[in-house]
Amino acid sequence: MKKLFFGQIVTSVIFVLISSCAMASGHNAAIKEAMKDPKKMEAFMQDRLDHKTGLEGKEAELGQGIVALVQELDGKLDLSKSSDEALGRYILTAVKTMNHNASYQHEYNDALVKLHLTAVSFAKETDMYEQLVEVDVKTTEYMMKRIGSAIKMTGREDFALMAIFEQTTCFFQLVDELQWNSPTSVTYTTPFSRVMEASQKVGIFANLTEEEVHNNYIIPRYMAYAEVMGVKLDVSPLGANGEITVTLID
């Protein structure tokens, strides 16, 4: 029964996503046509600004479906401080995000990416990179100091990488894939490229390059985190495809 119920939820989600992709392909032609007549523009904008998925009001069912799937796959999901309905709202947000693809494919981390880029852009314009990193470190210093104490007690310097890249939602809500090369080295792809490319086409973040973000923001932050935790890190230059490798140094 659970499998059937979840299958119905998945079918609904897939239908909404496919429908959205098909509509997105005609976006450019539609807006050109809308520019010819106020009534057509009104109808176009009404449709453009409406992001309903057909799943509104079904958040609890969505959440229950995900709970059932996680259990079926022997996964771990802790809702002791949340609820099926809250989980369903997150799934609904993911569906709405995937549907938002008329101009470019939006992703779940877009808001975080844009906030980081906005801060970095402002820091560049005002020559405040150093202050930006200092403020960022202050928001994580309490947790980093606790990790540093655990490292001193146990000798497990690899806890530092786990703290930066696994333990905190600040990272895994920003970057969707992380590769562990070894217990002392990780590689991931910068999350900023897609949004920067789309934004710069309309003059947003035009003052930034990927290398500037990496060299003036990412590297200093990781080095500052390492100092707080009492370890040493090596952060690679930004790779040709946006890859970044962070390694513990003995």
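Please refer to the structure higher up on the page.
Here is a short report on the structure shown in this document.

Rules of the game
- Residues numbered from 1 in each chain as written.
- Predicted model: local features only at pLDDT ≥ 70, side-chain atom pairs only at ≥ 80, totals over all residues.
- Heavy atoms only, no water.
- Helix = DSSP H or I, 4+ residues; strand = E, 2+ residues; numbered from the N terminus.
- Buried < 20%, exposed > 50% of the residue type's maximum accessible area, 1.4 Å probe, protein only.
- Contact = heavy atoms within 4.5 Å.
- Areas by Shrake-Rupley, 256 points an atom, 1.4 Å probe, with all protein chains shown as cover.
- Pairing = 2+ DSSP bridges.
- Axes fitted to C-alpha atoms, helices over the stretch in contact; angles between N-to-C directions.
- Salt bridge = Lys/Arg side-chain N within 4 Å of Asp/Glu carboxyl O.
- Core = buried A, V, L, I, M, F, W, Y, C linked by side-chain atoms within 4.5 Å.
- Parallel < 35°, antiparallel > 145°, perpendicular 65-115°, else oblique.
- Nonpolar A, V, L, I, M, F, W, Y, C, P; charged D, E, K, R; others polar.

**Observations regarding the overall build of the protein chain**
- When you go through the protein chain residue by residue, the secondary structure sums to 11 helices and 4 strands.
- A total of 250 residues make up the protein chain; the buried ones form 37% of that total.
- Restricting the contact set of the protein chain to residue pairs at least 6 apart, pairs at least 24 apart contribute 61%.
- On the protein chain, roughly 15400 Å² of surface is accessible, and the fraction owed to carbon and sulfur atoms is 58%.

**Describing the sheet that holds strand β1 (residues 178-182)**
- Ordered by their spatial adjacency, 4 strands build an open sheet running β1-β2-β4-β3, and the pairing between neighbours is antiparallel. Taken across any chain shown, the strands that pair with only one partner, and hence form the sheet edges, are β1 and β3 (232-235). Taking each pair of neighbouring strands and ignoring which way they run, the sheet shows an average axis angle of 20 degrees.
- Here β1 pairs with strand β2 (residues 185-189) via 4 bridges, running antiparallel. Bridging across to β2, Leu-178 finds its partner in Tyr-188.
- Of the strands in this sheet, β1, β2, β3 and β4 (243-249) touch helix α8 (residues 158-167), which is tilted by about 170 degrees from β1.
- Against the sheet, helix α11 (residues 210-229) makes contact with β2, β3 and β4, and its axis sits at roughly 160 degrees relative to β3, the strand it touches most.

**Concerning the pattern of salt bridges**
- A complete count under the given rule lists 7 salt bridges for this structure.
- Between Lys-124 and Glu-212 there is a salt bridge, and its shortest N-O distance comes to 2.7 Å. Within this pair, whereas Lys-124 is found in helix α6 (residues 110-125), its partner Glu-212 is found in helix α11, the two being separated by 88 residues in sequence.
- Look at Glu-212 and you get partly exposed, because its relative accessible area is 21%.
- Between Lys-145 and Glu-141 there is a salt bridge; the shortest N-O distance is 3.7 Å. Placement of the pair is Lys-145 and Glu-141 together in helix α7 (residues 129-154), with a separation of 4 residues, close to one helical turn.
- Overall, Glu-141 belongs to the partly exposed group, its relative accessible area being 28%.
- Three or more residues joined by partner-sharing salt bridges are found here, namely Glu-107, Asp-110 and Arg-194.

**A short note on the side chain of Ser-236**
- Note that Ser-236 resides in the loop between β3 and β4.
- Ser-236 has contacts with His-214, Ile-219, Glu-243, Ile-244 and Thr-245, leaving out every residue within four places of it along the chain.

**So, the nonpolar core**
- Formed by 45 residues in total, the largest nonpolar core has its most connected members in Leu-117, Phe-165, Val-213, Tyr-222, Met-229 and Val-246.
- Broken down by secondary-structure element, the contributors of at least two residues to this core are α6, α7, α8, β2, α10 (193-200), α11, β3 and β4.
- Counting residues per element, this core draws most heavily on α11, at 9 residues.
- Sequence-distant contacts of Leu-117, that is, excluding residues within four places in its chain, are made with Phe-192, Val-195, Met-196, Phe-205, Leu-208 and Val-213.

**Brief notes about the environment of Asn-215**
- Mapped onto the secondary structure, Asn-215 falls in helix α11.
- For Asn-215, a relative accessible area of 42% corresponds to the partly exposed category.
- The spacing of Asn-215 and Pro-237 is 22 residues in sequence and 7.8 Å in space, taken between C-alpha atoms.

**Structural notes on the packing of helix α4 (residues 59-72) against helix α5 (residues 84-99)**
- With their axes 6 Å apart at the nearest point, α4 and α5 run at an angle of 95 degrees to one another. Classified by the interaxial angle, the pair formed by α4 and α5 is roughly perpendicular. Contact residues: Glu-59, Ala-60, Leu-62, Gly-63, Gln-64, Ile-66 and Val-67 in α4; Asp-84, Glu-85, Leu-87, Gly-88, Arg-89, Ile-91 and Leu-92 in α5.
- Residue composition of the contact of α4 with α5, by class: 7 nonpolar, 3 polar and 4 charged.

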